[in-house]
Amino acid sequence: MSDSFHAMWRSLRPHGRSAASGGYRRYAWTGADADCRLWFRMQAEARRLDVETDRNGNQWAWLGDPTAGDAVVTGSHLDSVPDGGAFDGPLGVVSAFAALDELRARGASFRRPLAVVNFGDEEGARFGLACVGSRLTSGQLTKEKAYELRDADGITLPQAMEAAGHDPETIGEDRERLDRIGAFVELHVEQGRALDLSGDAVGVASAIWPHGRWRYDFHGEANHAGTTRLVDRRDPMLTYAETVLAARREAELAGAVATFGKISVEPNGVNAIPSLVRGWLDARAADQDALDAVIAGIETAARDKAAAHGVDLAVVRESFTPVVEFRHALRDELVRLLGGKAPVLGTGAGHDAGILSASVPTAMLFVRNPTGVSHSPAEFAAEDDCVAGVLALADVLEGLACH
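Note that the coordinates shown come from a computational prediction; the quantities given were computed from them, not determined experimentally.

Here is what the cut-offs are and how they apply
Residues numbered from 1 in each chain as written. Predicted model: local features only at pLDDT ≥ 70, side-chain atom pairs only at ≥ 80, totals over all residues. Heavy atoms only, no water. Helix = DSSP H or I, 4+ residues; strand = E, 2+ residues; numbered from the N terminus. Rg over C-alpha atoms; globule rule 2.2 N^0.38 Å. Buried < 20%, exposed > 50% of the residue type's maximum accessible area, 1.4 Å probe, protein only. Contact = heavy atoms within 4.5 Å. Areas by Shrake-Rupley, 256 points an atom, 1.4 Å probe, with all protein chains shown as cover. Lys, Arg positive; Asp, Glu negative; His and termini not counted. Charge placed at Lys NZ, Arg CZ, Asp CG, Glu CD. Axes fitted to C-alpha atoms, helices over the stretch in contact; angles between N-to-C directions. Parallel < 35°, antiparallel > 145°, perpendicular 65-115°, else oblique. Left-handed = near helix turned anticlockwise from the far one by under 90°. Nonpolar A, V, L, I, M, F, W, Y, C, P; charged D, E, K, R; others polar. Pairing = 2+ DSSP bridges. Phe/Tyr/Trp six-rings, centres within 6.5 Å; stacked < 30°, edge-to-face > 60°. Salt bridge = Lys/Arg side-chain N within 4 Å of Asp/Glu carboxyl O.

Caption draft 1: Just the overall build of the protein chain, in detail. Looking only at helices and strands, the protein chain features 13 helices and 15 strands. Against the globule reference of 22 Å for 403 residues, the protein chain gives a C-alpha radius of gyration of 22 Å, in line with a compact fold. The 403 residues of the protein chain split such that 54% are buried. Put simply, of all contacts in the protein chain between residues at least 6 apart along the chain, 77% involve residues at least 24 apart. As displayed, the protein chain has an accessible area near 16,700 Å², and 50% of this comes from carbon and sulfur atoms. Each charge sign in the protein chain was given a centre, from 41 positive and 58 negative side chains, and these centres are 1 Å apart.

Caption draft 2: Examining the packing of helix α1 (residues 2-12) against helix α13 (residues 383-401) more closely. With their axes 10 Å apart at the nearest point, α1 and α13 run at an angle of 115° to one another. Looking at the two axes, α1 sits roughly perpendicular to α13. By crossing handedness, the relation of α1 to α13 is classed as right-handed. Contact with α1, carried on its side by S2, F5 and H6, involves E383, C386, V387 and V390 of α13 and no other residues of that element. Across the contact of α1 with α13, the residue classes tally to four nonpolar, two polar and one charged.

Caption draft 3: Region of the structure containing the pairing of strand β1 (residues 50-53). Pairing analysis gives four bridges linking β1 to strand β2 (residues 59-63), with the strands arranged antiparallel. Across the sheet, residue D50 finds its bridge partner in β2, namely W62. Between the antiparallel neighbours β1 and β2 lie five residues, among them G57 with a positive phi of about 90°.

Caption draft 4: Spotlight on the side chain of S76. By secondary structure assignment, the location of S76 is in strand β3 (residues 71-77). On the accessibility criterion, S76 (0% relative accessible area) is buried. With residues up to four places along the chain from it excluded, the contact list for S76 reads G89, G92, V93, V117, N118, F119, E186, L187, H188 and D352.

Caption draft 5: Local environment of the sheet that holds strand β7 (residues 211-219). Pairing is antiparallel in the open sheet, where four strands are placed in the order β9-β11-β7-β12. Whereas interior strands pair on both sides, the edge strands pair on one side only; in this sheet they are β9 (257-266) and β12 (312-321). Sheet twist, expressed as the average angle between the axes of neighbouring strands with direction ignored, equals 15°. Where β9 lies against strand β11 (residues 276-284), nine bridges are found, and the strand directions are antiparallel. By the bridge assignment for β11, I263 is matched with G279. Sitting on the sheet, helix α9 (residues 236-254) is in contact with β7, β9 and β11, with an inclination near 170° to β9.

Caption draft 6: Spotlight on the packing of helix α11 (residues 328-337) against α13. The contact between α11 and α13 brings their axes to 9 Å, and the two run at 115°. For the pair α11 and α13, the sense of crossing is right-handed. Facing L330, E333, L334 and L337 of α11, the residues of α13 in contact are D395, V396, G399 and L400.

Caption draft 7: A look at the environment of A20. Positionally, A20 belongs in the loop between α1 and α2 (31-46). With 63 residues separating them along the chain, A20 and D83 place their C-alpha atoms 9.6 Å apart.

Caption draft 8: Layout of the packing of aromatic side chains. Applying the stated criterion across every chain yields a total of 12 aromatic pairs. Seen in terms of ring centroids, F119 and F184 are 5.9 Å apart; in terms of plane orientation they differ by 85°. Their pairing is edge-to-face. Of this pair, F119 sits in strand β4 (residues 114-119) while F184 sits in strand β5 (residues 181-189), and the two are 65 residues apart along the sequence. Taking the relative accessible area as the measure of exposure, F119 reaches 2% and is therefore buried. Relative accessible area serves as the criterion here: at 1%, F184 is assigned to the buried category. A ring pair is formed by F218 and Y240, whose centres lie 6.1 Å apart and whose planes are at 75°; its orientation type is edge-to-face. Of the two residues, F218 sits in strand β7 while Y240 sits in helix α9, which places them 22 residues apart along the sequence.

Caption draft 9: Looking closely at the pattern of salt bridges. Inspection of the entire model under this criterion finds 27 salt bridges. Between E52 and R180 there is a salt bridge whose closest N-O contact spans 3.3 Å. Of this pair, E52 sits in strand β1 while R180 sits in the loop between α7 (175-178) and β5; the two residues are 128 residues apart in sequence, bridging distant segments of the chain. Residue R180 is classed as buried on the basis of its relative accessible area, which comes to 14%. Between R215 and E318 there is a salt bridge; the shortest N-O distance is 3.2 Å. Of this pair, R215 sits in strand β7 while E318 sits in strand β12, and the two are 103 residues apart along the sequence. Through salt bridges with shared partners, a single network forms among E52, D54, D174, R177 and R180.

If you want it as structure tokens, here you go:
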């Protein structure tokens, strides 16, 4: 099993890697995405699994009859954030195939169908909405709304799909597919240091914090940077900067996190006062009341500063996911299958498992991240911990699909 894991890891790592940053740029429906999809197909076929791509572009590799129902599904995603790390997503897919290898080596006999899945466009790096593949499948994203998604070059999601050889007319809720699934277990590198601090290699997820993305559009007045008096300016960059600081203050007060991590500026000239600054806010908290307080506080501060500077402000909520409490029965079963010693922990990161939780029983395993760094080329998990994750996933799949 260890050999198969490392061989897969080496074969996947070059795809979509930036020589400049050392991180990954595996964006949905691009050449790097196609390379990853081909890699997935080759790994599945090498294991004599039946491969299919569903109406929303998600890949499935099946052992047993897909239509039999009550299937056990595992996997994650292969796309990345801009210059992301190697482990976020791919660790779950590679570990899924390696866990199957381990079960076959044990001589396991399957009484339920088993599938490995690669969900498309989980990170939302290209079109700005996370978990597009699982949102479409579960009906949380309509075809009409999906057709409105555009990348930074103005290319729509259906145009990108069609260019990559996928028919965009087919996308939409896939209730029949979800009805096949009896349990979905996603393995993921931890995006934090809870396991490192507890000294455990593997943990079980309890819940995903409520989280969302908001777009702030600050409209001011373009003017000459060298000739316009400070008192005469309607500078949206100034209001944006003060809003970033307000986000930090509000998050600290609520014990939450809030980040302006993406910005666009018009006309984007060194010697020009901007006419428009557009910033994207990511905010997350342990409960809904805390998140509501953070969002309200940030918007109030932004509007106060905008009024003071003669700037117009529009705020648009682009996505939102409420708190996800994983099914307690399945979560507790995972803990039992792992000997009753695996720690149970929450997370502020969103996942396909969280999206699917409203439709099918879902659970998650986390693998220790010694630095806590994620969404960065510095993201890391030790080889021994990765192997421990594969063995834990194999134990879980054996308990769910074989006994």
